[in-house]
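Residues per chain are reported as follows:
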Amino acid sequence: MANELSGTQYGLGAGDYRATVTETGAGLRELTYRGEPLILSYGPDEPAPAAFGQLLVPWPNRVDHGRYAFDGAEHQLDLSEPELDCAIHGLVRWTTWHPVEEYPDRLTLAYRLHGSAGYPFRLSLTVRYSLDAATGLSVRITARNTGTRPAPYAHGTHPYLTVGEPIDDCVLHLPGRRYQPVDARMVPSGPTVAVAGTEYDFTAGRRIGAQSVDLAFTELDRDAEGLARVRLEGTRRSVLFWLDDAQPWLEVYTADRVPEADRRRGVGVEPMTGPPNALASGTDLIRLEPGESYTGSWGFTAGPAPDGT
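Parameters at a glance
Residues numbered from 1 in each chain as written. Predicted model: local features only at pLDDT ≥ 70, side-chain atom pairs only at ≥ 80, totals over all residues. Heavy atoms only, no water. Helix = DSSP H or I, 4+ residues; strand = E, 2+ residues; numbered from the N terminus. Rg over C-alpha atoms; globule rule 2.2 N^0.38 Å. Buried < 20%, exposed > 50% of the residue type's maximum accessible area, 1.4 Å probe, protein only. Areas by Shrake-Rupley, 256 points an atom, 1.4 Å probe, with all protein chains shown as cover. Lys, Arg positive; Asp, Glu negative; His and termini not counted. Charge placed at Lys NZ, Arg CZ, Asp CG, Glu CD. Pairing = 2+ DSSP bridges. Phe/Tyr/Trp six-rings, centres within 6.5 Å; stacked < 30°, edge-to-face > 60°. Lys NZ or Arg CZ within 6 Å of the ring centre and 35° of its normal. Salt bridge = Lys/Arg side-chain N within 4 Å of Asp/Glu carboxyl O.

K.L.:
Help me understand the overall build of the chain, please; the structure alone is not making it clear to me.
P.N.:
If you tally the helices and strands in the chain, you get one helix and 27 strands. At 18 Å, the chain has a C-alpha radius of gyration in line with the 19 Å of a compact globule built from 309 residues. Projected onto its principal axes, the C-alpha positions of the chain cover 55 × 50 × 40 Å. When burial is assessed residue by residue, the chain has 54% of its 309 residues classed as buried. Total accessible area computed for the chain in this model is approximately 12700 Å², and 49% of it derives from carbon and sulfur atoms. Both charge centroids of the chain, one from 28 positive and one from 41 negative side chains, sit 2 Å from each other.

Below, the structure written as structure tokens:
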């Protein structure tokens, strides 16, 4: 129903997969396989908690004090995370996206981001959700600079993988070879560090236990097609997440500060084009010239149970 807080609910289906995408923010509210959730979800008449399934444009994660410079000009963003004195997760999470293409198994939504005092640039955004009975859900986002000047750009998204049980007894396979240290305000505090020999090495897959993680990883192991893969294995089933090489960073979060009912029942896996504070640091920041576009993709597949079924 369009009068719910997250607006129109776009339902998709293919084989045993079902997904729901919201008009507000073009977010992924639900994703299930054979009736079992693959991501943490929320009700249609409530705001997305802890950024569940939201798109993060034109920056993911945090901007320190909301300040950055680009092409010699200083900019101040609204402090959307006042408790840490940061601007967080971009400008489109609560905006109204419009359908461009709508079919039972795929959906394309679009949004025009006009300039503002903190981000005086124009972008045309489209996101396409596609369900396949064999391979699950794939998502593709494209940003095009429709303005008259170059624009700084970064993107991400914020799903939480779940296998329907607390994550402490789950096994996490994470392809990141290096991680980004942060300070108490979650702002990068130095160069990246190799995960080898640290508590953040999940490259071979291991039990999460009571460990808390809220860090960005990079130098991701990739296959011949440039895809990096995350796998969360529970006692009954597993879920796989992939991201293409348009996103060289992956924030991983053990859901320690989400609403209590979902606390540590999922793992946030956030593909990002740049690290935290990329707008200010310039690290892996994309420079979009007028008329240029940038596209990234990621997706979800239901994995086998531990016994291979």
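K.L.:
How should the pairing of strand β27 (residues 293-303) be read in this particular structure?
P.N.:
Remember that side chains alternate between the two faces of the sheet whenever the strand is regular. Here strand β13 (residues 136-145) pairs with β27 via eight bridges, running antiparallel. Of the residues in β27, the one forming a bridge with Val139 is Trp298. Sheet analysis places strand β23 (residues 238-243) next to β27, joined by six bridges and oriented antiparallel. Its bridge partner being in β27, Val239 is matched across the sheet by Ala302.

K.L.:
Looking at this structure, how should I read the sheet that holds β27?
P.N.:
Think of a sheet as strands paired side by side through backbone hydrogen bonds, with each pair either parallel or antiparallel. Pairing is antiparallel in the open sheet, where nine strands are placed in the order β10-β11-β12-β13-β27-β23-β22-β17-β20. Every interior strand has two partners, whereas the edge strands, β10 (98-103) and β20 (206-207), have only one. Where strand β17 (residues 171-173) meets strand β22 (residues 228-233), three bridges bridge the pair, whose relative direction is antiparallel. Bridging from a neighbouring strand, His173 pairs with Arg231 of β22.

K.L.:
Help me out: how do you make sense of the sheet that holds strand β3 (residues 28-33) in this one?
P.N.:
Pairing within the open sheet is antiparallel, and its four strands lie in the order β1-β2-β3-β4. Every other strand in the sheet has two partners, leaving β1 (9-14) and β4 (36-37) as the edge strands with one partner each. Inspection of the sheet shows strand β2 (residues 17-22) paired to β3 by five bridges, in the antiparallel sense. What sits directly across from Tyr17, in β3, is Tyr33.

K.L.:
In this structure, what is going on with the packing of aromatic side chains? I would like to understand it.
P.N.:
For any two aromatic rings, the description comes down to two numbers: the centre-to-centre distance and the angle of the planes. Considering all chains together, one arrives at nine aromatic pairs under this definition. Through a chain of ring-to-ring contacts, the aromatic side chains of Phe52, Tyr160 and Tyr253 assemble into a single cluster. Cation over ring: Arg106 sits above Tyr103, and NZ or CZ is 4.0 Å from the ring centre. Over the ring of Phe202 we find Arg206, and its NZ or CZ is 3.8 Å from the ring centre.

K.L.:
Can you walk me through the pattern of salt bridges in this structure?
P.N.:
When charged atoms on two side chains of opposite charge get close, those side chains can pair. Enumeration over the complete set of coordinates arrives at 18 salt bridges. Here Asp64 and Arg185 are joined by a salt bridge, their closest N and O atoms 2.7 Å apart. With Asp64 in strand β6 (residues 62-64) and Arg185 in the loop between β18 (176-180) and β19 (193-194), the pair connects residues that are 121 residues apart, well separated along the chain. In this structure, Arg264 and Asp256 form a salt bridge, with 2.8 Å as the shortest nitrogen-oxygen distance.

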